Amino acid sequence: MPSKKKQSRGSKKKGRRNKGGEGSAPAAKKDPVHDAEDEALVQRLLHLEDKSEENIEAQILVRQVQKGLHSYTMRAGGMAMGARRESDRERMLNAGLTGAVLKLLAQCADKGFDDALSEAGANRSDRLDSPLSWLEILGQIVTPQADERIRMEIAMGIGPLVQCLSDESSRVLFKSKQLWYESLVPSLKLIGLVTCQSTSALEIVLNHENNLLETAIQCIFWQSHRPDIAKEAKTYDSNLKKASALAHMFMLTVIGVGTEGGEDSEKVALLNQIGSTPIVSRVYDPTCTVSFVAGLLQLFRTEDRSSEFWDQAIRDRRLHAVKILVDAGCVDLHLIAEIVTFGSTCASDSADACLVVNVLQTALCPSTGPTDTPISAAVNAGLLEMCLQLVPCFDELGAIEKVLNLLLQCVNAVSTQKKTSKALIARRSQVLSALHSSTCGSDGMVQIIESIINNMSGTADSEGLSDCANCYKSLTKSEVRRCGQCKKATYCSVQCQREDWKTHKAVCKMVSSPQNKMPQSSKMRIHEQNLVEAGQKLIHENKIPILVRALLKGCDICDNVVVLDMSLAPPVIHVKTIEQYLAEEHEEFVKDKHPSSNPDTEATVRDALLRSKEQRLLSCVFIGGGLRGELTNTLCVVPEWSDKQKAVKKILGDNNLELVRKRPDLLERIVSEMHSQIDGKDLSPLKVIFH
């Protein structure tokens, strides 16, 4: 009897299974469902208007996916990918596959993976061994053709995953470090797929966790800057190179989206946040100051072009991202040094060179004017040499030459300030070497660079720069002796200093008076000192042209003010009468540039100029750094012109002087001949412009 009952039960079961017909479910044929709830689901579905067998199968598969069963999850993933038919993918989505997977992933921050599966009802014989399958299913769902609704659903549901991924200090997923490393690549891939074509989805993902951008940025540099993570990744067989490439693509997407639809304060703030993020976590290295925008440029020097992840299009997008971040205001010293290095070593064509020039223009030439610190960083990195190297990259210079000249003029404008002057002196030999070997076709650019470098050679590097104020002997560096009080007048011996004291005494008091002393600020003091030394160098090296221009005006040299504008390269020298200078230059200075100046300033300057005239002294005004100092501080003394007869004799020579005495009408002819010789001959290592 038992055997018959068993056989009868089996035959009934078999008969029930063979009943076929339109209402039967193929999934039940292929994979018998023993769970009572699933049987009830099948029965409920049979009474729906849509009795499609495929829809019933999709519903049952999703039900099994919710339990974390391996075989059903694999099958659902294949259908979501459309492995059999495209319609399979639509049925799985309609059955709620996306929500089922997201619900399982939502436990990644609070529970272990086994605990999550046990809670879902997975049996031991057919449970998943990793959450990677869920990530793969979501990645298959988000195809390039996926509609906005799917992207938004996934973006809203991956919050816990994003939070775990962003916690690079703990580095755990489902309370497992190994799962965190294993899921790193598929998680970044999923985030990239969800956000690449949807601004709204990107905003939702970024709102899940503030640290996501920081983690994605630093992930790009983990392999080179985080040995601890690199070691763990190797232990868990995680592909950091691929993770870095995916993080790189995600950040380029974020930067690109940040510029869509014009600029507003929120987008600019986001770009600033991205560009200024350090490439190494401050928790790991509190001293890291390299920003993301500078790190992007570092990649050009360190990237492996033979790698499977290298692509020319990505390289171009990276350069464009740098330009976007710089335009948003992400400028720091590391960026300036890196862009100059990139221009010197990595710029391969006119497009690269053009981008380098434009970025440097934004970084170094703000609307408020150039400043010392960024210019010095660029000079130290090789800015002047880079300008010479970039010129051959262009078939036609045109507008680019104007930008390069603007960059060089910005360097010149602050060349007398503390940091830039030090940088120029340190780079002098390299720049001269680059000038010697350069094939630059721009004579104007070469002239500007020569002027900048020679302008800062300083008295320490110049032989025969100074003359004795008494006997007018040319002095070398070792022979120079200065007045102990004013530090301006130079002598060849103590005897000459004593003989000149009667003449120099009044001048020394004027120059050393409290109102003419330099400011106490170290930076300003060095700037003034460099400005004065460079100006005196120009005066000494161009004595003949200056005197000739004074004579052409029909004036005693001591009736003139020599204005040296070193804010331009080459420097511009104006020789003006005292009256002309006061009427034009000083009036403009007082009224337009310093409207709040002391009304007594003009009278003070006038008195100082007239006093210098009475004392047979040449008055000079030095302009540099794009600024004019207080004019009473920039009145300088050139002692060799204190005696006109000695000066004329020294410059014109004894024979010409005698001819002039006998034939005064020859003076104009002699001066004209000297004038033509001066214009046609480079009398100075510095090329200057006279007006």
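For the structure, check the block above.
Residues numbered from 1 in each chain as written. Predicted model: local features only at pLDDT ≥ 70, side-chain atom pairs only at ≥ 80, totals over all residues. Heavy atoms only, no water.

Caption draft 1: Fine view of the overall build of the chain. Helices and strands together make up the secondary structure of the chain, namely 36 helices and 9 strands. Across the 691 residues that make up the chain, the buried fraction comes to 49%. Considering only intrachain contacts with a sequence separation of at least 6, the fraction spanning at least 24 residues in the chain is 70%. Working note: accessible area of the chain is about 33100 Å², and carbon and sulfur atoms make up 50% of it. (Helix = DSSP H or I, 4+ residues; strand = E, 2+ residues; numbered from the N terminus. Buried < 20%, exposed > 50% of the residue type's maximum accessible area, 1.4 Å probe, protein only. Contact = heavy atoms within 4.5 Å. Areas by Shrake-Rupley, 256 points an atom, 1.4 Å probe, with all protein chains shown as cover.)

Caption draft 2: A look at the side chain of Ser198. On the secondary structure map, Ser198 appears in the loop between helix H12 (177-195) and helix H13 (199-208). Owing to a relative accessible area of 2%, Ser198 belongs among the buried residues under this scheme. Side-chain polar atoms of Ser198 contact the side chain of Glu148, separated by 2.7 Å. A distance of 3.0 Å separates a polar side-chain atom of Ser198 from the backbone nitrogen of Ala201. (Polar contact = N/O pair within 3.5 Å; in protein donor to acceptor, adjacent residues only side chain to side chain.)

Caption draft 3: A look at the packing of helix H25 (residues 399-413) against helix H28 (residues 443-455). In contact at an axis separation of 10 Å, H25 and H28 are set at 10° when each is read in the N-to-C sense. Taken together, the axes of H25 and H28 are roughly parallel relative to one another. For the pair H25 and H28, contact is made by Glu401, Leu404, Asn405, Leu408, Gln409, Val411 and Asn412 and by Met445, Ile448, Ile449, Ile452 and Asn455, respectively. Counted by class, the contact of H25 with H28 contains 7 nonpolar, 4 polar and 1 charged residues. (Axes fitted to C-alpha atoms, helices over the stretch in contact; angles between N-to-C directions. Parallel < 35°, antiparallel > 145°, perpendicular 65-115°, else oblique. Nonpolar A, V, L, I, M, F, W, Y, C, P; charged D, E, K, R; others polar.)

Caption draft 4: Looking closely at a positive patch on the surface. On the surface, a cluster of positive charge is contributed by Lys418, Lys419, Lys422 and Lys523. The topology assignment puts Lys523 in helix H30 (residues 522-541). (Patch = residues over 30% accessible without salt bridge, like charges linked within 9 Å, V, L, I, M, F, W, Y side chains within 5 Å. Salt bridge = Lys/Arg side-chain N within 4 Å of Asp/Glu carboxyl O. Lys, Arg positive; Asp, Glu negative; His and termini not counted. Charge placed at Lys NZ, Arg CZ, Asp CG, Glu CD.)

Caption draft 5: Structural view of the pairing of strand S6 (residues 572-577). Summarising burial for S6: 5 of the 6 residues are buried, a large majority. For strand S5 (residues 560-565) and S6, the ladder comprises 6 bridges, and the chain directions are antiparallel. Bridge assignment links Val561 to a residue of S6, and that residue is Lys576. Between S5 and S6, which pair antiparallel one after the other, the connecting turn spans 6 residues. (Pairing = 2+ DSSP bridges.)

Caption draft 6: The pattern of salt bridges, seen in detail. Going through the model one piece at a time under the given rule, you end up with 10 salt bridges. In this structure, the salt-bridge partner of Asp316 is Arg315, at a minimum N-O distance of 4.0 Å. Assessed through its relative accessible area of 37%, Asp316 is described here as partly exposed. Its relative accessible area of 2% is what places Arg315 among the buried residues. Salt-bridge contacts for Glu385 lead to Arg427; the nearest nitrogen and oxygen are separated by 2.3 Å. Taken together, the residues Glu385 in helix H24 (residues 383-390) and Arg427 in the loop between helix H26 (418-426) and helix H27 (428-437) connect sequence positions 42 residues apart. What you see here is one network of salt bridges that share partners, running through Glu168, Arg226 and Asp228.

Caption draft 7: Structural view of the environment of Leu271. If you trace the backbone, Leu271 turns up in helix H18 (residues 265-276). For Leu271, a relative accessible area of 5% gives the class buried. As a C-alpha pair, Leu271 and Cys330 span 59 residues in sequence and 7.9 Å in three-dimensional space.

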